[in-house]
Amino acid sequence: MVDLKLVFHELVKVQIELWDAIDARLRSECDLQLTWFEVMRLLARLPEARVQDIAAEFSITVGGTSKVVDRLEAAGLCRRRPNPTDRRSSVIELTAKGRRLLGKATVVFEDELQVRLGDVLPERSLDQFRQTLTTLRRAGRS
């Protein structure tokens, strides 16, 4: 029988080590923390994103999300503009500076993923692992 405690332990350790490695490279090569990078990637994918949309995507509080957006905005990486469909909220978009930094950081991010995942496991195993994680996430939400 599989020891689920060991599965949990390994999964958590891999996640922490992967996060820390990518975060360290992004900070070193781009002066950008992984948390900011993840929000910037989302903003690039969702051009009409609101703070609520970002919070929902990352399963974090609206207050915490607003603080991250405030910091990104103070760094000149994004800006808020009035939401044309809802005056009570703002739409957040990357600035030109933010798009340039995101482009550079994406190369670093993808390279570290290749080193830590792509060079370690065959593509078939990685796809199966992704599918397994997706199944686990769905089960946890229901």
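Here, the structure is the one placed above.
What counts and what doesn't
- Residues numbered from 1 in each chain as written.
- Predicted model: local features only at pLDDT ≥ 70, side-chain atom pairs only at ≥ 80, totals over all residues.
- Heavy atoms only, no water.
- Helix = DSSP H or I, 4+ residues; strand = E, 2+ residues; numbered from the N terminus.
- Contact = heavy atoms within 4.5 Å.
- Polar contact = N/O pair within 3.5 Å; in protein donor to acceptor, adjacent residues only side chain to side chain.
- Buried < 20%, exposed > 50% of the residue type's maximum accessible area, 1.4 Å probe, protein only.
- Arc of directions from axis to C-beta.
- Core = buried A, V, L, I, M, F, W, Y, C linked by side-chain atoms within 4.5 Å.
- Axes fitted to C-alpha atoms, helices over the stretch in contact; angles between N-to-C directions.
- Parallel < 35°, antiparallel > 145°, perpendicular 65-115°, else oblique.
- Left-handed = near helix turned anticlockwise from the far one by under 90°.
- Nonpolar A, V, L, I, M, F, W, Y, C, P; charged D, E, K, R; others polar.

Caption draft 1: Molecular detail of the environment of T95. Take T95: it is sitting in the loop between β2 (90–94) and α5 (96–118). Counting along the chain gives 17 residues from T95 to C78, while the straight-line C-alpha distance between them is 4.9 Å. Setting aside its immediate chain neighbours within four residues, T95 contacts G76, L77, C78 and R79. Polar contacts involving the side chain of T95 include one to the main-chain carbonyl oxygen of G76, which spans 2.6 Å.

Caption draft 2: Region of the structure containing helix α3 (residues 51–58). Restricting attention to buried positions, one finds in α3 the residues V51, I54 and A55. Buried positions in α3, seen along its axis, are confined to an arc of 100 degrees and lie on one side of it. Contact partners of the buried residues in α3: α2 (34–45), α4 (62–74), β1 (78–82) and β2. One or two positions beyond α3, positive phi appears at S59, with a value near 55 degrees.

Caption draft 3: Highlighting the nonpolar core. Membership of the largest hydrophobic core comes to 26 residues, with the highest contact counts inside it found for L26, L32, F37, M40, L43, I54 and L72. Looking at this core, the elements that each hand over two or more residues are α1 (4–30), α2, α3, α4, β2 and α5. In terms of residue count, the dominant contributor to this core is α2 (seven residues).

Caption draft 4: Quick look at the packing of α2 against α5. It is the contact of α2 with α5, at a shortest axis distance of 10 Å, that shows an interaxial angle of 115 degrees. In this view, α2 runs roughly perpendicular relative to α5, as classed from their interaxial angle. Crossing handedness for the pair α2 and α5: left-handed. Residues L34, F37, E38, M40, R41 and A44 of α2 pack against G98, L101, L102, A105, T106 and F109 of α5. By residue class, the composition of the contact of α2 with α5 is eight nonpolar, two polar and two charged.

In short, shape yes, function no, at least from these values alone.
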